[in-house]
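If you want the building blocks of each chain, they are given just below.
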Amino acid sequence: MKNWKKCKLGDVCDLVAGFAFKSKSFGNFSQKVVKISNIQPPSIDDKLDGVCLSDYNEEKLRKYLIQNGDFCLAMTGATIGKMGRYKGTNSVYLNQRVLTFRPKKDINRDFLYYCLSNWPFQAFIKNHIDSETAQPNISSSSIGKFQILCPSLDEQKRIAEILGAFDDKIELLQKQNKTLEDMAKALFKCWFVDFSVVRAKQQGLAKADIMREYHLTEELYNLFPSSFADSPLGPIPSGWEVKNVGELLAFSIGGGWGNEEESESFPIKAPVIRGTDIPSLRSSGAYNDVPVRFHKKSNHTSRELKEGDIVLEVAGGSKGQPVGRALFVSDYIIKSLSKVICASFCKLLRPNKKLLLSELFYLYLDMMYQTGEIEQYQVQSTGISNFQFKQFCEDKQFVIPNTELQKKLSLNVYIDKIGNNKKQIQTLTELRDTLLPRLISGKIRV
């Protein structure tokens, strides 16, 4: 290919590994640091620890700063090779064993990012792991030996613009989904936790004002009561009930991990949703990383997920990261992941007819996780967090609206839109991933 040349990564960019900050330096400080745990492909999350810089020479630390658009790679641990892009407005530091790439003058940063997003780079990482260490490690010098094909700078920019357009659209759809889910959560809390509609009706506020303020149709407005009754949880809307979690479940069962290889005993091939898959399935619907395993027929039959089920993470987690993440099994997931089950560190929950809207149960669980209430049902054992599911079913109570309201109520306007966006995200992701290797190899010229 004319004007394309093969280059070692170490020749076209500077590879900068992060600084070993002392553990005592971390705390609630304004200057933030990217750790390996913050790399959540394809991004860097925004829950960064602060660091006190008074113990260090800031001038010497300057080389470890990254800016908006820079990308980082994990150099050690079980997630070695994962890569994420920083999208923040303020510069942040890199912690040890986090690597960033500083392109030289003839390399476009975005083009380089897409070269390293392609599967050959991940294969290279796995093939060059230091086998003599207790956990997987790779050095910056080893990474620098990876080779990429470099066209002219102008063609690099054109390739990056094409692939970047896909990522921009994907990011926009993900932001829309976050807004839609936030709206659904806000309505849920308003209607079923704060009882705002019932309070407004009890206070005699104008019907039109209540409908407008709380996004109600006239039919829904009429189904909300206008008074409260005593309950074990205090005053609740008249005609509503308090139920233990156990009373709301028709069925619950622990997940299964299955077998890596197909055999006579493990004939059913099916994807397995892990706790680590829940965030990406919720935000973008990305299911490419969900592993596929082989299962016993009897185990698979009892655990196959159905629309309206809820997957609850019941073991795993880490310090500062409680278990209890929940996933609502939408029509999108069922169609995308045929015969899907959940993994052994998760539990399948299937609400019964007392709870016509399983979305309500999911939103209760999510609210408990976001507020930290879920942590009271968590215990630590040998470094692993475990969710006390039996205690949760016996002790935790939820307020359930009357049947007539449940029949008419629908949060599907949000869930369906989120599902449609996820389908678009998946289509765009697949198209981008199809084009990427062809563009960066010169098979498609632009």
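These figures come from a predicted structure and were not determined experimentally.

(A) Geometry of helix 14 (residues 358–371). Here helix 14 contains 14 residues, and its C-alpha end-to-end distance of 20 Å stays within 8% of the 20 Å for a straight helix at 1.5 Å per residue. Burial analysis of helix 14 places eleven of its 14 residues in the buried class, which makes it a mostly covered element. Of all the positions in helix 14, only Ser358, Glu359, Leu360, Phe361, Tyr362, Leu363, Tyr364, Leu365, Asp366, Met368 and Tyr369 are classed as buried.

(B) View of the environment of asparagine 222. Relative to the helices and strands, asparagine 222 is located in helix 9 (residues 218–223). With 41 residues separating them in the primary sequence, asparagine 222 and serine 263 have C-alpha atoms 58 Å apart.

(C) Spatial organisation of the sheet that holds strand 10 (residues 92–94). Strand order in this open sheet of four strands is 6-3-10-7, and the pairing throughout is mixed. For this open sheet the edge positions go to strand 6 (49–51) and strand 7 (65–66), each flanked by a neighbour on one side alone. One ladder, built from four bridges, connects strand 3 (residues 26–34) with strand 6; its direction is antiparallel. Across the sheet, residue lysine 32 finds its bridge partner in strand 6, namely glycine 50.

(D) Up close: the pairing of strand 19 (residues 310–313). Where burial is concerned, the two faces of strand 19 agree: the one with Ile310 and Leu312 and the one with Val311 and Glu313 are both buried. Of the pairings in the sheet, the one linking strand 19 to strand 21 (residues 326–328) comprises three bridges and is antiparallel in character. Across the sheet, residue isoleucine 310 finds its bridge partner in strand 21, namely phenylalanine 328. Alignment of strand 19 against strand 23 (residues 346–351), held across four bridges, turns out to be antiparallel. When the sheet's bridge partners are listed, leucine 312 is paired in strand 23 with lysine 347.

(E) Spatial organisation of the nonpolar core. Grouped together as the largest cluster of nonpolar side chains are 53 residues, with contacts concentrated most on Trp191, Phe192, Leu216, Phe361, Phe387, Phe392 and Phe398. Here this core gets eight residues from one element, more than from any other, and that element is helix 14. The residues touching phenylalanine 361, leaving out its near neighbours within four places in the chain, are Val245, Leu249, Ile310, Leu349, Pro351, Leu355 and Phe398. Counting residues in hydrophobic clusters, the runner-up holds 33 residues, among them Phe71, Phe111, Ile143 and Leu436.

(F) Summary view of unusual backbone geometry. Cis peptide bonds are those with omega within 30 degrees of zero, and the linkage from proline 41 to proline 42 qualifies with 10°. Inspection of the secondary structure puts proline 42 in the loop between strand 4 (39–40) and strand 5 (43–44). At phenylalanine 195, a position not held by glycine, the phi torsion is positive, near 55°. A residue is classified by how much of its surface remains accessible, and phenylalanine 195, at 7% relative accessible area, is buried.

(G) Structural detail: the sheet that holds strand 20 (residues 315–316). Taken in spatial order, the three strands line up as 20-25-24 in an open sheet, and their pairing is antiparallel. Both edges of this open sheet fall to strand 20 and strand 24 (378–381), since each of them pairs with a single strand only. Pairing between strand 20 and strand 25 (residues 384–387): two bridges, direction antiparallel. The residue of strand 25 that forms the bridge with glycine 316 is serine 385.

Scoring rules and cut-offs
- Residues numbered from 1 in each chain as written.
- Predicted model: local features only at pLDDT ≥ 70, side-chain atom pairs only at ≥ 80, totals over all residues.
- Heavy atoms only, no water.
- Helix = DSSP H or I, 4+ residues; strand = E, 2+ residues; numbered from the N terminus.
- Expected span 1.5 Å × (residues − 1).
- Buried < 20%, exposed > 50% of the residue type's maximum accessible area, 1.4 Å probe, protein only.
- Pairing = 2+ DSSP bridges.
- Core = buried A, V, L, I, M, F, W, Y, C linked by side-chain atoms within 4.5 Å.
- Contact = heavy atoms within 4.5 Å.

These results come straight from atomic positions and should not be treated as a statement about function.
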